[in-house]
Amino acid sequence: MKEILSGNEAVARGAYEAGVKVASGYPGTPSTEILENVIRYENIDASWAPNEKVALEVAIGASIGGGRALATMKHVGVNVAADPLFTLSYTGIKGGLVLVTADDPELHSSQNEQDNRNYAKFAKIPMLEPSDSQECLDFTRLAFEISESFDTPVMLRTTTRISHSKSVTITNDPVSILPAPKLERNASKYVMLPGNARVRHTIIEERLKKLAAYAETLEINRSEMRDLSIGVITSGISYQYVRETLPDASVLKLGMVYPLPLKSIREFAGRVKVLYVVEELDPFIEEQIRASGITVIGKEILPICGELTPGRVKKAFGIASSEMQTSVQLPARPPNMCPGCPHRSVFYALHKSGAYVTGDIGCYTLGFMPPLSAMDTCICMGAGIGNATGITKVLKPDEQKKVVAVIGDSTFLHSGMTALLDMVYNNSPSTVILLDNRITAMTGRQENPASGFTLMGQESFQVDFAELVKSLGVRNVRKVDPYDFDDTMLAITEEMDRPETSVIITNRPCVLIKRTGVFKRGTPQKVDPETCTGCKACVKIGCPAIIWQTDSGLKGKAVIDPQFCTGCKVCTQLCKFLAIKGNK
Amino acid sequence: MNNSIVTNILLVGVGGQGILVAAEIIAEALMLAGFDVKKSEVHGMAQRGGSVVSHVRYGEKVYSPIIPEGETDILLGFELLEAYRYLPLLKRDGKIVVNNLKINPLTVSIGQEAYPEGLSDRINHFFPDGRMVDGVALAKLAGNVKTANTVLLGALSRLCGIDEKFWVSAIERMVPGKTLAVNRKAFELGRSS
Ligand SMILES: Cc1ncc(C[n+]2csc(CCOP(=O)(O)OP(=O)(O)O)c2C)c(N)n1
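Everything numeric here is computed off the predicted structure, so don't read it as measured data.

**Q** Describe helix α6 (residues 133-150) of chain A, with residues and values.
**A** The α-helix winds at 3.6 residues per turn, so residues separated by three or four positions along the chain end up facing the same way. All names here are of chain A. In a regular helix each residue adds 1.5 Å, so 18 residues correspond to 26 Å; α6 covers 25 Å between its end C-alpha atoms and thus fits that length. Summarising burial for α6: 14 of the 18 residues are buried, a large majority. N-cap assignment for α6: the residue whose side-chain oxygen lies 3.2 Å from the backbone N of Gln134 is Asp132. Just downstream of α6, Asp151 is the residue with a positive phi angle, here 50°.

**Q** Break down the side chain of Thr169(A) for me, with residues and values.
**A** Along the chain, Thr169(A) falls in strand β8 (residues 165-170). Contacts of Thr169(A), omitting those with residues within four sequence positions, involve Met1(A), Lys2(A), Glu3(A), Leu5(A), Ser133(A), Gln134(A) and Leu137(A).

**Q** Got a sec to walk through the domain arrangement of chain A? Specific residues and values, please.
**A** By a widely used convention, the size of an interface equals the accessible area lost when the partners come together. Once the domains are mapped, chain A shows domain 1 (2-215), domain 2 (222-316), domain 3 (343-506) and domain 4 (521-584). Once you take the C-alpha centre of each, domain 2 of chain A and domain 3 of chain A turn out to be 46 Å apart.

**Q** Account for the site of the ligand, with residues named and values stated.
**A** Residue and element names in this part refer to chain A. Surveying the vicinity of the ligand reveals 26 residues, the closest of which are Glu52, His343, Cys363, Thr411 and Ala441. A distance of 2.9 Å is found between an oxygen atom of the ligand and a backbone nitrogen or oxygen belonging to Met442. In isolation the ligand offers 590 Å² of accessible surface; the protein chains occlude 97% of this area. Elements supplying a minimum of two residues to the shell around the ligand: α4 (75-91) and α17 (409-425). Ranked by residues supplied to the shell around the ligand, first place goes to α17 with 4 residues. Of the residues that constitute the shell around the ligand, the class distribution is 11 nonpolar, 12 polar and 3 charged. When residues of the shell around the ligand are assigned to domains, at least three map to each of domain 1 (2-215) and domain 3 (343-506).

**Q** Kindly report on the nonpolar core, identifying the contributing residues and their values.
**A** The nonpolar side chains of soluble globular proteins are, as a tendency, buried together. All names here are of chain A. Grouped together as the largest cluster of nonpolar side chains are 72 residues, with contacts concentrated most on Phe347, Leu350, Phe412 and Leu420. If one sorts the elements of this core by residue count, α17 sits on top with 6 residues. Here this core spans two domains, since at least three of its residues come from each of domain 3 (343-506) and domain 4 (521-584). If we ignore the near neighbours within four places in the chain, the residues touching Phe347 are Met337, Tyr364, Gly367, Leu372, Ala374, Met375, Val406 and Leu435.

**Q** Just give me the short version of the interface of chain A and chain B, but keep the residues and values in it.
**A** At the junction of the two partners, chain A supplies 52 residues and chain B supplies 53 residues. Summing the contributions of chain A and of chain B, the shared interface buries around 4,700 Å²; its carbon and sulfur component is 58%. Counting across the interface, chain A meets chain B through 5 salt bridges. Between Arg333(A) and Glu79(B) there is a salt bridge, with the nearest N and O atoms lying 3.1 Å from each other. Between the two partners, chain A and chain B, sit 17 residue pairs in polar contact (both at pLDDT 80 or more). When contributions to the side of chain A that touches chain B are tallied by element, the ones reaching two or more residues are β1 (2-6), α7 (160-163), β8, α10 (236-245), α13 (310-316) and β20 (546-549) of chain A. In terms of residues, the side of chain A that touches chain B owes the most to one element, α10(A), which gives 5 residues.

**Q** So what's going on with the packing of helix α15 (residues 383-394) of chain A against α17(A)? Which residues, and what values?
**A** All names here are of chain A. It is at 7 Å that the axes of α15 and α17 come closest, and there the two elements cross at 20°. Compared by their axis directions, α15 and α17 come out roughly parallel. Here Ile385, Gly386, Ala388 and Thr389 of α15 come into contact with α17, specifically with Phe412, Gly416, Ala419, Leu420, Asp422 and Met423. Here the residues of the contact of α15 with α17 sort into 6 nonpolar, 3 polar and 1 charged.

**Q** Give a detailed account of the sheet that holds strand β16 (residues 431-435) of chain A, specifying residues and quantitative values.
**A** Strand pairing in a sheet is mediated by backbone hydrogen bonds. Such pairs are either parallel or antiparallel. Residue and element names in this part refer to chain A. Spatially, β14-β15-β16-β18-β17 is the arrangement adopted by the 5 strands of the open sheet, whose pairing is parallel. Across the chains shown, the open sheet's two edge strands, defined by having one partner strand only, are β14 (356-358) and β17 (476-480). Along the sheet, successive strands turn relative to each other by an average axial angle of 25°, direction set aside. With 5 bridges connecting them, strand β15 (residues 403-408) and β16 associate as parallel partners. Opposite Val406, over in β16, you have Ile433 as the bridge partner. Lying over the sheet, helix α14 (residues 343-353) contacts β14, β15, β16 and β18 (502-506), oriented at roughly 160° with respect to β16. Seen against the sheet, α15 touches β14, β15 and β16 and runs at an angle of roughly 170° to β15.

**Q** An account of the state of the cysteines is needed here, citing residue identities and associated values.
**A** Residue and element names in this part refer to chain A. The tally for this structure, following the rule as stated, stands at 0 disulfides over all chains. Cysteine Cys510 shares no disulfide, and the gap to the nearest cysteine sulfur, in Cys338, comes to 6.5 Å. According to the relative accessible area criterion, Cys510 is buried, its value standing at 8%. The structure places no disulfide on Cys571, whose sulfur is separated from the nearest cysteine sulfur, that of Cys565, by 6.1 Å.

**Q** Can you explain the packing of helix α1 (residues 19-32) of chain B against helix α7 (residues 164-174) of chain B? Please cite residues and give values.
**A** Residue and element names in this part refer to chain B. Where α1 meets α7, the closest approach of the two axes is 8 Å, and the angle between their N-to-C directions is 130°. The angle between α1 and α7 places the two elements in the oblique class. The handedness of the crossing between α1 and α7 is right-handed. Touching Glu24, Ile25, Ile26, Glu28, Ala29 and Leu32 of α1 are Phe166, Trp167, Ser169, Ala170, Ile171, Arg173 and Met174, all from α7. Broken down by class, the residue content of the contact of α1 with α7 amounts to 9 nonpolar, 1 polar and 3 charged.

**Q** I'd like a rundown of the packing of aromatic side chains, residues and numbers included.
**A** A full pass over the atoms with the stated rule returns 10 aromatic pairs over all chains. When the ring of Phe150(A) is compared with that of Tyr214(A), the centres are 5.0 Å apart and the planes differ by 50°; the resulting orientation is tilted. Of this pair, Phe150(A) sits in helix α6 while Tyr214(A) sits in helix α9 (residues 194-217), and the two are 64 residues apart along the sequence. Given a relative accessible area of 18%, Phe150(A) falls into the buried group. Classification of Tyr214(A) as partly exposed rests on a relative accessible area of 24%. Through a chain of ring-to-ring contacts, three or more aromatic side chains come together here, namely Phe86(A), Tyr119(A) and Phe122(A). Just above the ring of Tyr239(A) sits the side chain of Lys253(A); from NZ or CZ to the centre is 5.3 Å. Over the aromatic face of Tyr84(B) sits the side chain of Arg122(B), whose NZ or CZ is 5.2 Å from the ring centroid.

**Q** With reference to specific residues and values, describe unusual backbone geometry.
**A** Residue and element names in this part refer to chain A. With an omega dihedral of 5°, the bond running from Thr29 to Pro30 counts as a cis peptide bond. Along the polypeptide, Pro30 turns up in the loop between β2 (22-25) and α2 (33-38). Along the chain, Tyr258 connects to Pro259 via a cis peptide bond; the corresponding omega equals -10°. Within the secondary structure layout, Pro259 lies in the loop between β12 (256-258) and α11 (262-271). With a phi angle near 70°, Arg445 is a residue other than glycine that sits in the positive phi range. Residue position: Arg445 is located in the loop between β16 and α18 (465-471). Phi is positive for Lys569, which is not a glycine, with a value near 65°. By the element assignment, Lys569 lies in the loop between β21 (557-560) and α20 (570-574).

What counts as what
- All residue numbers refer to position in the chain's written sequence, counted from 1.
- As they are written, the chains are lettered A onward and the ligands numbered 1 onward, keeping that order.
- Only residues with pLDDT of at least 70 are given local features in this predicted model, and only at 80 or more are side-chain atom pairs given and counted; all residues enter the totals for whole chains, interfaces and linings.
- Calculated side-chain values reflect all of the structure's heavy atoms, with hydrogen atoms and water omitted.
- A run of DSSP states H or I qualifies as a helix once it reaches four residues; a run of E qualifies as a strand once it reaches two. Both are numbered from the N-terminal end.
- For a helix, the expected span equals 1.5 Å multiplied by the number of residues minus one.
- Summary of the burial criterion: residues with accessible area below 20% of their type's maximum are buried, those above 50% are exposed, and those between are partly exposed, where the area comes from a 1.4 Å probe applied to protein chains only.
- Pairing of N or O atoms within 3.5 Å defines a polar contact, subject to two protein rules: one partner must be a possible hydrogen donor and the other a possible acceptor, and residues neighboring in sequence count only if both atoms are side-chain atoms.
- Any two residues whose heavy atoms approach within 4.5 Å are treated as being in contact.
- Residue ranges labeled as domains rest on an automatic or database domain assignment.
- Note on definitions. A residue lies near a molecule or strand when any single heavy atom of the residue is within 4 Å of it.
- For accessible areas, the Shrake-Rupley method is used with a probe of radius 1.4 Å. Any residue's cover is judged against the shown protein chains and nothing else.
- In this classification, Asp, Glu, Lys and Arg are treated as charged, Ala, Val, Leu, Ile, Met, Phe, Trp, Tyr, Cys and Pro as nonpolar, and every other residue, Gly included, as polar.
- In plain words, nonpolar cores are sets of buried Ala, Val, Leu, Ile, Met, Phe, Trp, Tyr and Cys residues tied together by side-chain atoms within 4.5 Å.
- Note on definitions: buried area is the accessible-area loss of two parts on being combined, 1.4 Å probe, summed for both.
- One speaks of a salt bridge when a side-chain nitrogen belonging to Lys or Arg is within 4 Å of a carboxyl oxygen belonging to Asp or Glu.
- Angles shown run from 0 to 180 degrees and are taken between the N-to-C directions of axes, each axis being a line fitted to C-alpha atoms and, for helices, limited to the stretch in contact.
- When an angle is under 35 degrees it counts as roughly parallel; over 145 it counts as roughly antiparallel; between 65 and 115 it counts as roughly perpendicular; any other value is oblique.
- Strands qualify as paired when DSSP identifies two bridges or more between them.
- Two cysteine sulfur atoms make up a disulfide if the distance between them is within 2.5 Å.
- By definition, any crossing whose near helix is turned counterclockwise from its far helix by less than a right angle is left-handed, and any crossing with a clockwise turn is right-handed.
- Geometry of aromatic contacts follows a simple scheme: Phe, Tyr and Trp rings, the Trp one being its six-membered ring, pair when their centres are within 6.5 Å, and the pair is stacked under 30 degrees between planes, edge-to-face over 60, tilted otherwise.
- Lysine and arginine charges are scored as sitting over a ring when NZ or CZ, respectively, is within 6 Å of the ring centre and within 35 degrees of the ring normal.

Right, dumping it as structure tokens:
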């Protein structure tokens, strides 16, 4: 059938067609929609794991059990899953295992733009890189075949422009016969003690050689000979930009970016006058080509930072681009916390309390932005609590009190729990605010162990954070309603003052949760223009529903957009003049 | 429309305006009409009131899913400031259709910055043939304010040179049953506006 599919939808379809039994992952842009689409297909057990390491370990288990398994994550997720990944390379697989890494050149929604092609070389496993949705589907299927033929995990690398672009894709029927999974012991292969692992390492080096030979014959590494004065080696999305901007150039398109078909590359190099590598981010292909003694031009003309675009490729090759210039400075439009977002009042309270906030990743990272401006660090998921512990270790007691870590429910379950255990075990006096909005909101509202549901829509339990935190050894645990501003402010100031680890848990759900009965909309609020003095106290919380009218009264006045207002009443409590009331 | 060249449509606006769905319908209609189609956008941070951009390209064979800088043929603006922001990506002889609507960025809502004045005049200065559409008013006329994106689709549809039946089937495929009738109406109002 012919359909327009996104790269992520096509990977999901490819996994289905390949007969995948188990799919596990952790959400992360741009990878999230793969698993969200896998659940459309029958006979695949798909689940959100609490983090990427667990996701990969679940996939490894399924593979050892003999089923085909898929693990999905964003590029930084592979850092979390790296520990099992490197040893999985040694054990190899039983059922085919494919790990999808969705990279984010240009940092559209990430904290770094690391190039995960380096993982393939580092872990000594093959990597495929599709250039459009059709290839996402076909390469996913092929990856499972390679995995089983060479007894290796295979990485499939996409980038944002592949994952989130749609193109016309032809789908096929699923493969018909795969061996039925069953338990079989093979300890020398799967128990990686030094004696066994030493043996496996030599096997892995042999495997790499075989894969390199296979790369020479692989159809997805293909040369397209056109004008011989320019030859370009490229892969992934860069291939499309090369075809777009240098339509006459000869191209060696690599579908497998590790290991490289060096013989074919040498042959291609011999046929063209000048050889280029066009690749995003690191000179990954370029360095290997150069190391084998072939002259090539790459990062001398192409940027290492950011994604490529047709315009950037044109610029590298000295072709004029037709972009117009306008010099006007326009107001930017960054994303904001939603009206009614339960994170808002917490960050306003932190701002007022003068706290030094070690932050973390989630919607609440938007608390960094003005006017809330209440986040001082954000490194990676789960980092905030450990950072707080470390900072307090170097500060004097009165300074230590200022340190507050904030963390969301999904992030806490991902990698915050162990850091909190360290904080209380090693006796740091910091305060931790657990922003429990009952969902993984930032990536588009995925279920997690705090939401009470699974990816496949089954009802599950809800983690009881207060009990969890107490059992880790925290004695001072209190819950607050973030819609009650005074109580939130009081809890924060009291706990900051306490010379022991303490945890504050907020209890309001994300306003975007669609399931009925979770988030309840209140009465939209209204500003009485007669009473409003124009003091601007309400606009300091940065709620998109509150609009400042410059031309009203002497100083200006606030109005509330009843379409946007969810009736959380945080602004109502901040108005000393009682000008904000329920809209009747 | 000449099949051997690629036509580029850029949709710009504010998160929550239904831009991604509109782009989806356009891509579907063009595929039904027999073109190769690619569409690209960035999810994630784009939600929550941020600026949203979607690229749709069609022709006999399309390579890059994003439009080469400065080669947009048609700019479909769902909001004035966003339309103005992306003008530099439009070809000098490109076409522009803009929803006559202002949505304040947060810095403007809280009085830190001003919403630029006279944007529609400035757009008209660069692109005298630019069309302003009153999407909200027409959507209300169709029976639901939320169909403003479909009104804009209707206005755009006249510039794409494919038969109306492809638009109708694309809308039928992509729009949930209970709002189909209002959306069809909104599309018609936009198309004849
Ligand atoms: C290792 C890693 N995996 C995934 C992500 C993508 N990601 C960013 S924030 C986030 C979860 C946020 O959920 P939560 O902590 O509950 O906060 P909320 O957005 O709900 O406020 C995810 C999955 C990431 N940045 N790093």
